[in-house]
Amino acid sequence: EIRAALAVRLAALGPDHPDVANSRNNLAGVLLARGELGEAETELRTALALRVAAVGQDHPLVAGARNNLAAILLAEGKLELRAALALREALLGTDHPDHLGLAESRYNVADLLLAQDRPAEALPLAEQAWTRRQRDDIPRELRAETAFLLARLLWVVDEPDRDRTRARQLAEEARASYEQAGEGHAEALAEVHDWLRKHPAP
């Protein structure tokens, strides 16, 4: 049983060991075959992050995990997010500043592009989503998730003028917004805490 193997490795090795990444990757494959796509995506994203931390971006193990993640995203229909964004922009215009649905589509596509390791394409969409979602009429958790997405993109995008100071500021804002959002966001808040710990101020 792959879940049992994962539990044993977690207990013996801790959550950050490369062998734990292998177990999570294997579990994701089983979950995908069963049609349990949400759980499969969660396990595979964790496995991918562990593998990147262990061996770097340019490694066959990382490439394999990214390929598996793409299969899950395709199975979930997330590649339709681009079509949803295109439709909303056609209906509303690309410069409509106040439409929440347009901000939502831009956030979703940017999040997908980051998962596909395409931060340069994701960054302008995340900036546009943040323009709307940073306002006071937005639920705190939406404000937080958008700030954190933009922070991660600003940190990794390969541009000469990338602003890692702003990335840290946005992550701090995400942390504060998750804290203000109250119960139900402990996992997301922990992810932001962990990111800030691993990405010190430049």
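Residues numbered from 1 in each chain as written. Predicted model: local features only at pLDDT ≥ 70, side-chain atom pairs only at ≥ 80, totals over all residues. Heavy atoms only, no water.

Draft legend 1. Looking closely at the packing of aromatic side chains. One pass over the full model with this rule turns up two aromatic pairs. Ring centres of F148 and W195 lie 6.0 Å apart, and the angle between their planes is 90°; on these two criteria the pair is classed as edge-to-face. With a gap of 47 residues between them, F148 in helix α8 (residues 140-156) and W195 in helix α10 (residues 186-198) connect regions that are remote in the sequence. Taking relative accessible area as the criterion, F148 reaches 4% and is therefore assigned buried. (Phe/Tyr/Trp six-rings, centres within 6.5 Å; stacked < 30°, edge-to-face > 60°. Helix = DSSP H or I, 4+ residues; strand = E, 2+ residues; numbered from the N terminus. Buried < 20%, exposed > 50% of the residue type's maximum accessible area, 1.4 Å probe, protein only.)

Draft legend 2. Structural detail: unusual backbone geometry. A positive phi angle, close to 60°, is found at D117, a residue other than glycine. Counting through the fold element by element, D117 comes out in the loop between α6 (100-115) and α7 (119-133).

Draft legend 3. Highlighting the side chain of S177. With respect to the helices, strands and loops of the structure, S177 is situated in helix α9 (residues 164-181). Classification of S177 as buried rests on a relative accessible area of 2%. Those residues in contact with S177 that sit more than four places away from it in its chain are R140, R143 and A144. (Contact = heavy atoms within 4.5 Å.)

Draft legend 4. Spatial organisation of a negative patch on the surface. Taken together, the side chains of D158, E159, D161 and D163 make up a negatively charged region of the molecular surface. With respect to the helices and strands, E159 occurs in the loop between α8 and α9. (Patch = residues over 30% accessible without salt bridge, like charges linked within 9 Å, V, L, I, M, F, W, Y side chains within 5 Å. Areas by Shrake-Rupley, 256 points an atom, 1.4 Å probe, with all protein chains shown as cover. Salt bridge = Lys/Arg side-chain N within 4 Å of Asp/Glu carboxyl O. Lys, Arg positive; Asp, Glu negative; His and termini not counted. Charge placed at Lys NZ, Arg CZ, Asp CG, Glu CD.)

Draft legend 5. Up close: the layout of surface pockets. Empty space within the largest pocket amounts to approximately 2000 Å³. Around the largest pocket sit 46 residues that line it, and R45, T46, A49, R152 and E191 are the ones nearest its centre. Of all elements in the fold, only α2 (18-34), α3 (37-55), α4 (60-76), α6, α8, α9 and α10 reach the threshold of two or more residues within the lining of the largest pocket. No other element matches α3, which puts eleven residues into the lining of the largest pocket. (1 Å grid on protein atoms, 1.4 Å probe; cavity = no way out; pocket = protein on both sides within 12 Å on 5 of 7 lines; lining within 4 Å. Points joined across faces, edges and corners; volume = space filled by probe spheres on them.)

Draft legend 6. A look at the confidence of the model for the protein. With 89% of its residues at a pLDDT of at least 70, the protein reaches an overall mean of 84. The spread of mean pLDDT over the elements of the protein runs between helix α5 (residues 81-92), the lowest at 66, and α8, the highest at 96. (pLDDT = per-residue confidence, 0-100.)

Draft legend 7. Seen up close, the packing of α8 against α10. At a minimum axis separation of 12 Å, α8 and α10 run at an interaxial angle of 25°. Between α8 and α10, the angle is such that the two are roughly parallel. Regarding α8 and α10, the two cross each other, and that crossing is left-handed. Along its contact with α8, which presents F148, A151, R152 and W155, the element α10 presents E191, V192 and W195. Split by residue class, the contact of α8 with α10 holds five nonpolar, no polar and two charged. (Axes fitted to C-alpha atoms, helices over the stretch in contact; angles between N-to-C directions. Parallel < 35°, antiparallel > 145°, perpendicular 65-115°, else oblique. Left-handed = near helix turned anticlockwise from the far one by under 90°. Nonpolar A, V, L, I, M, F, W, Y, C, P; charged D, E, K, R; others polar.)

Draft legend 8. Region of interest: the side chain of H185. By the element assignment, H185 lies in the loop between α9 and α10. H185 sits in the buried class, given a relative accessible area of 19%.

Draft legend 9. Spatial organisation of the environment of D19. Examined against the element boundaries, D19 turns out to sit in helix α2. For D19 and L6, which are 13 residues apart along the polypeptide, the C-alpha to C-alpha distance reads 9.0 Å. If near-sequence neighbours (up to four positions away) are discounted, D19 is found in contact with R9 and L13.

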